[in-house]
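This is what each chain is made of:
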Amino acid sequence: MSTYFHSVELDANKCCGCTNCLKRCPTEAIRVHDGKARILSERCIDCGECIRVCPHHAKKAVSSQFDEIEKFKYKIAIPAPALFGQFNNLDNIDIVLTGLKKLGFNKVFEVSRGAELISEATRKLIKENKLETPIISSACPAVVRLIKIRFPELCDNVMPLIAPMEASAKIARREAMEETGLSDDDIGVFFITPCPAKVTEVISPNHAEKSAVNGAIAISKIYPELTHAMDHLTDVEPLARSGLIGIGWANSGGESAAMLGDKYLAADGIENVIRVLEELEDDHIRDVDFIELNACSGGCVGGVLTVENPYVSQARIQKLRKYMPVSMNHLDDGDMDIMMWEKELEYNPDTFRLDKDIFKAMQMMSEMEQIYEGLPGLDCGSCGSPTCRAMAEDIVRGKAKETECIFKLKEKIQNVYDQLKNTI
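1. So, the pairing of strand β5 (residues 74-79)
Thinking step 1. Taken across its 6 residues, β5 has 6 buried, putting it largely inside the fold.
Thinking step 2. Of the two faces of β5, both are covered, the one formed by Y74, I76 and I78 as well as the one formed by K75, A77 and P79.
Thinking step 3. Taken together, the 6 bridges between β5 and strand β8 (residues 187-193) define a ladder with parallel strand orientation. Residue pairing across strands places Y74 opposite I187, the latter belonging to β8.
Thinking step 4. As defined by bridge partners, β5 adjoins strand β6 (residues 107-108) across 2 bridges and the pair is classed as parallel. Looking across to β6, one finds that A77 is bridged to V108.
Thinking step 5. For the segment spanning β5, helix α3 (residues 93-102) and β6, crossover handedness is right-handed.

If you want it as structure tokens, here you go:
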């Protein structure tokens, strides 16, 4: 089985064995046995939902440390549009961009610039009418991984375009090499990220063997130092090169609005995303060209690595966009080629395979169905598995015992009691 990198990790010392994360995980990637949670690596999509709901802070996201930028001669920051919604009374994003340079970056390239290029590339592909419709946005890596794991039949519907983060990194890196004459290895590109799924995408990208991004620094990590730098600026450089289309990608619906049409659908929050994908899989969604899906509520502003309330951030982003030009970035000759995925999106059959031997797997499946029939079907999670079906699978895999179900345990105790009573 393949190995997987994940930015979401469990701190077992803080885990109290509650089932909050178990019930909210969209891919049933969490089990709770022996009083501790455990994350099934092959099923985790790094959406960060477990981080959001854990009352004991036992789940955490691993991201790049700021001092990692010192490994490179030339340092480029590519901030997510969601970063601009973290600051109160901000009326000029140049203040944020100049603040990033004050922290030690040589160049700042807004990801909102890449978003405008991806929006134009998307409109072009839709016009060519060569893709499976409705087309699903590939911008949210958590959603892309969710489709790979739970909805493999929809893989062909995913837009074969890299995310704005990746587009920005490629262009910023190319420009830096031309401007400085430095080699590719001397240039470090760091994404200022609102979510752990982007961290995972940098290390284990869906679209290629290697990302153009060297690291992803959490907004929550850089926020204190950045705020301090912004408060002590003497001059603000005119660095911004994006319009309202690119900045709008921070909020749910921003990407869809950039399609400049009305045949689109936008959903945010992992539960709503799953509902849309289920209806799409059942062919219940029609007359739609484009579907934008964000795992986080509110869009990227709702990522678990942000510091501000997502709805406050949304309002701030809307205010910032008010006096911006529509778009400041357009595709050049050859840009379309670097925007396309280098490899196809494929379902990994190992994710839910019971055994590599097909005959043994069928036998285990039959056994699993028998066990499931004997379980109460309440999906209460008290056993440490998210559903009764997942419990039956865990038993077949040897990861759990039937008596871990409190109803089966009660039944067994009652049988023992009745036997003892009859012998008296």
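The discussion continues.
2. A few points about the pattern of salt bridges
Side chains bearing opposite charge may pair, as long as their charged atoms lie close to each other.
Thinking step 1. Tallied over the entire structure, the rule returns 22 salt bridges.
Thinking step 2. Close ionic contact of E49 with R24 constitutes a salt bridge, the shortest N to O distance being 2.6 Å. With E49 in helix α2 (residues 49-53) and R24 in helix α1 (residues 20-24), this pair connects stretches of sequence that are 25 residues apart.
Thinking step 3. With a relative accessible area of 33%, R24 lands in the partly exposed category.
Thinking step 4. Between K170 and E342 there is a salt bridge, with its nearest N and O atoms 3.8 Å apart. A residue pair is termed long-range when its members are at least 10 positions apart, and K170 in helix α6 (residues 164-180) and E342 in the loop between α13 (335-339) and α14 (358-374) qualify at 172 residues.
Thinking step 5. Salt bridges here are not isolated pairs; linked through shared partners, they connect R24, E49, R52 and E271.

3. What about the packing of α3 against helix α8 (residues 219-231)?
Thinking step 1. Look at α3 against α8: their axes get within 8 Å of each other, and the N-to-C directions meet at 105°. When the interaxial angle is binned, α3 and α8 end up roughly perpendicular. Residues I95, V96, G99, L100 and K102 of α3 form the contact with α8, whose own contacting residues are I222, L226, A229 and M230.
Thinking step 2. Of the residues in the contact of α3 with α8, the class split is 7 nonpolar, 1 polar and 1 charged.

4. Digging into the nonpolar core
What tends to happen in soluble globular proteins is that the nonpolar side chains get buried as a cluster.
Thinking step 1. In terms of nonpolar packing, the biggest core is built from 68 residues, with I78, I147, L277, L293 and M339 touching the most fellow members.
Thinking step 2. Residue contacts for I78: discarding those within four places in its chain leaves F109, V111, M165, S168, A169, V189, F190, F191, I192 and V213.
Thinking step 3. The next biggest cluster of nonpolar side chains, apart from the first, holds 30 residues, and it includes F105, F190, I222 and I247.

5. Section: the packing of aromatic side chains
Thinking step 1. Summed over all chains, the structure comprises 3 aromatic pairs.
Thinking step 2. Ring geometry for F66 versus F105: centroids 5.8 Å apart, planes at 80°, classification edge-to-face. Within this pair, whereas F66 is found in the loop between β4 (59-61) and β5, its partner F105 is found in the loop between α3 and β6, the two being separated by 39 residues in sequence.
Thinking step 3. What makes F66 partly exposed here is its relative accessible area of 29%.
Thinking step 4. Judged by centre distance (5.8 Å) and plane angle (70°), the ring pair of F72 and F190 falls under edge-to-face.

The rules behind the values
Counting restarts for each chain, with residues numbered from 1 along the sequence as it is written. With the structure being a predicted model, the display of local features is reserved for residues of pLDDT at least 70 and the display and counting of side-chain atom pairs for 80 or more, all residues being used for whole-chain, interface and lining totals. Excluded from the side-chain calculations are hydrogens and water; all other atoms, namely the structure's heavy atoms, are used. Throughout, exposure labels follow a simple rule: accessible area from a 1.4 Å probe, protein chains only, divided by the maximum for the residue type, with under 20% read as buried, over 50% as exposed, and the rest as partly exposed. Here a strand is any run of E in DSSP of at least two residues, a helix any run of H or I of at least four, and the numbering for each starts at the N terminus. Being paired, for any two strands, means DSSP has found at least two bridges between them. A clockwise path from the first strand over the helix to the second, with the strands pointing away from the viewer, defines a right-handed crossover. For this document, the term salt bridge refers to a Lys or Arg side-chain nitrogen within 4 Å of an Asp or Glu carboxyl oxygen. To define axes, lines are fitted to C-alpha atoms, for helices over the stretch in contact only, and angles between the resulting N-to-C directions are given on a 0 to 180 degree scale. The scheme is simple: roughly parallel for angles under 35 degrees, roughly antiparallel for over 145, roughly perpendicular for 65 to 115, oblique for anything else. What makes two residues a contact is simply this: any of their non-hydrogen atoms within 4.5 Å. Residues were grouped as follows: Ala, Val, Leu, Ile, Met, Phe, Trp, Tyr, Cys and Pro as nonpolar; Asp, Glu, Lys and Arg as charged; and all remaining residues, including Gly, as polar. Each nonpolar core is a collection of buried residues, namely Ala, Val, Leu, Ile, Met, Phe, Trp, Tyr and Cys, held together in the definition by side-chain atoms within 4.5 Å. When the centres of two rings from Phe, Tyr and Trp lie within 6.5 Å, Trp using its six-membered ring, the rings pair. Their planes under 30 degrees apart give stacked, over 60 give edge-to-face, and anything left gives tilted.

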